[in-house]
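Chain and residue survey
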Amino acid sequence: MFSKLTQLPADPILGLSVKFKADLNPNKIDLGAGIYKDENGDTPVLSCVKIAERFRLENEKSKAYLGSAGSALFNEKITALMLGDHQVIRENRIRTVSTPGGTGALRTAGEFIKTCTPGATIWVSNPTWANHQGVFTAAGLNVKTYPYYDYENKCLDFEGMAAALKQVSKDDAVLLHACCHNPSGMDLNKEQWQQVADIANQVGFIPVVDMAYQGFGEDLDADAFGLRLMADTVDQMIICGSCSKNFGLYRERIGACSIIGKNAISADIISSVLLSVVRVNYSMPPAHGAAIVETILDSAELTTQWHGELKEMRDRINGMRQLLVDQLVANGVTRDFSFITKQNGMFSFLGIDQTQVQRLQGEFGIYIVGSSRISLAGISPDNVDYLTQSIAKVL
Ligand code: LMR
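Values in this document were obtained by computation on a predicted structure and should not be read as measured data.

The next thing to look at is the overall build of the protein chain. In terms of helices and strands, the protein chain carries 15 helices and 13 strands. Rg of the C-alpha trace for the protein chain: 21 Å, near the compact-globule value of 21 Å for 395 residues, within the 12% margin. Dimensions of the protein chain, computed from the C-alpha atoms along their principal axes, are close to 65 × 55 × 55 Å. Counting across all 395 residues of the protein chain, residues that qualify as buried make up 48%. Sequence-distant contacts, at least 24 apart, represent 75% of the contacts inside the protein chain between residues at least 6 apart.

Below you can see the structure in the form of structure tokens.
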């Protein structure tokens, strides 16, 4: 049976990390995977996480199964973090399960949609996170794209997006990035969110909001503006959250899939289907990451500490956006890269071609995704000169 297999290419994002580790160039720079790095290029465990882990180590009483929904306290806390004090919580219309990371949330959402409507289509932005297509296809959905980023003018093609969403079927789902669009860094503004929410309401498609970077744009509440507005406007939607980036819990795999129904009775039915989707997939989520997050969010002191650490990460990345643009100018680059300072989160497109991307990697040890997506978190005051000189050379 196995002899029928053919070799597949490495993952376009995770494969880069493997190549980067093997590169012996002392000046190498990793701008590939979306992972926070400090000025020394390290991804340290947050101090609030260390404290929460110590607390769990001393106080955990059992490793018995938690059930397919995972920890009830985590589910309550993460729902409130994503939605704030929202009517869908007060009306008891939302059900949340903990998932193995944000990817687990997306896969669970995909399987849930397929259970509702076999053969359903999910529309994703063009471009979108490289794994969205694979996750939803693996869940049995058809994946189509709507216009989103205007590569030429380095801005949003909102007209194209709105026109496409008006043509979507009411039985389809539409994936939206809550904030810090991956890979373009271009987000909808408040008026555009209102328009998209109105279209969703009129057409009747199911919005699936992927919030993998809450806290990396403006702040925790501002980054959830669109998601909360959508939940105000439509009566059914899906939210996929992740604690990988904002709690720095990447390898612990903790995220959440929340589904909003029309009323409490339909939310209970949704919950039963959601739990059966999880049961036949991975049975139940890992507990450690959830335990850390709920410990932090259940303590006012640890929550304040976490807010401070999250702000530090966000401010450092934003500082690198400006530094990159300034240094490109200082190194004689005449092409306008100022759009990078207007974008949000970890990513932007450099807007260079495949050959230039390959030259950056082969000649200079600078690793960026083939689409020319860079993770700003890999830039530091120490490497920005080498980086911008190298970009200047390949341009
Ligand atoms: C990314 O987009 O780089 C991250 O979300 C990491 C991943 O799993 O692809």
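From this point on, the discussion continues.
In the neighbourhood of the ligand, the contacting residues comprise Ile13, Ala33, Gly34, Trp129, Asn131 and Asn182. Along the lines of polarity and charge, the residues of the shell around the ligand split into three nonpolar, three polar and no charged. Both domain 1 (11-44 + 313-394) and domain 2 (65-298) contribute no fewer than three residues apiece to the shell around the ligand.

Cross-referencing UniProt, the feature "domain: Aminotransferase class I/classII large" (unreviewed entry) maps to residues 27-391 in the present numbering. For the annotated span residues 27-391, helix accounts for 45% and strand for 15% of the residues, and the straight-line distance between the end C-alpha atoms is 14 Å.

To continue, consider the sheet that holds strand S9 (residues 237-242). Pairing in this open sheet of seven strands is mixed, and the strands run S2-S10-S9-S8-S7-S3-S4 from one edge to the other. A single partner strand is all that each edge strand has here, and the edge strands are strand S2 (94-99) and strand S4 (142-147). Taking each pair of neighbouring strands and ignoring which way they run, the sheet shows an average axis angle of 25°. When S2 meets strand S10 (residues 255-260), the two strands line up antiparallel, connected through six bridges. Bridge assignment links Val97 to a residue of S10, and that residue is Cys257.

Looking now at the domain arrangement of the protein chain. With domains assigned, the protein chain is organised as domain 1 (11-44 + 313-394) and domain 2 (65-298). Taking only C-alpha atoms, the centre of domain 1 and the centre of domain 2 are 28 Å apart. Taken together, the 20 residues of domain 1 in the interface contact 19 residues of domain 2. Top contributing element to the side of domain 1 that touches domain 2 by residue count: strand S11 (residues 347-349), with three residues.

Another aspect to go through is the packing of helix H5 (residues 101-116) against helix H11 (residues 264-279). The N-to-C vectors of H5 and H11 enclose an angle of 120°; their axes lie 10 Å apart at closest approach. Classified by the angle their axes make, H5 and H11 are oblique. Seen from above, H5 lies across H11 with right-handed handedness. Here H5 contributes Thr108, Glu111, Phe112 and Thr115 to the contact with H11, which in turn contributes Val273, Leu274, Val277 and Val278. Residues of the contact of H5 with H11, tallied by class, amount to five nonpolar, two polar and one charged.

Before going further, it helps to examine the nonpolar core. One finds Ile122, Val174, Val208, Met211 and Val293 to be the most contacted residues of the largest nonpolar core, which totals 116 residues. If you tally residues by element for this core, the top one is helix H13 (residues 300-330), at eight residues.

In the contact formed by helix H2 (residues 47-59) and helix H12 (residues 288-297), the axes pass within 9 Å of each other and the chain directions differ by 105°. Between H2 and H12, the interaxial angle falls into the category roughly perpendicular. For the pair H2 and H12, contact is made by Cys48, Val49, Ala52, Glu53, Phe55 and Arg56 and by Ala291, Ile292, Thr295 and Ile296, respectively. Partitioned by chemical class, the residues of the contact of H2 with H12 number seven nonpolar, one polar and two charged.

Quick look at the environment of Leu188 now. In this fold, Leu188 is placed in the loop between strand S7 (173-177) and helix H8 (190-203). Spatially, the C-alpha atom of Leu188 lies 8.7 Å from that of Ala178, the residues being 10 residues apart in sequence. Ignoring anything within four residues of it in the chain, the contact list for Leu188 reads Trp193, Val196 and Gly226.

Here we come to the confidence of the model for the protein chain. A residue-level look at the protein chain finds 100% of positions with pLDDT of 70 or above and a mean pLDDT of 97. As a predicted assembly, this complex carries a pTM of 0.96 together with an ipTM value of 0.96.

Quick notes on the rules
- Residues numbered from 1 in each chain as written.
- Predicted model: local features only at pLDDT ≥ 70, side-chain atom pairs only at ≥ 80, totals over all residues.
- Helix = DSSP H or I, 4+ residues; strand = E, 2+ residues; numbered from the N terminus.
- Rg over C-alpha atoms; globule rule 2.2 N^0.38 Å.
- Buried ≥ 20, exposed ≤ 12 C-beta atoms within 10 Å, placed from the backbone.
- Contact = placed C-beta atoms within 7 Å.
- Near = placed C-beta within 6 Å.
- Nonpolar A, V, L, I, M, F, W, Y, C, P; charged D, E, K, R; others polar.
- Domains from an automatic or database assignment.
- UniProt positions renumbered as here; feature names shortened; annotations may be inferred.
- Pairing = 2+ DSSP bridges.
- Axes fitted to C-alpha atoms, helices over the stretch in contact; angles between N-to-C directions.
- Parallel < 35°, antiparallel > 145°, perpendicular 65-115°, else oblique.
- Left-handed = near helix turned anticlockwise from the far one by under 90°.
- Core = buried A, V, L, I, M, F, W, Y, C linked by C-beta atoms within 7 Å.
- pLDDT = per-residue confidence, 0-100.

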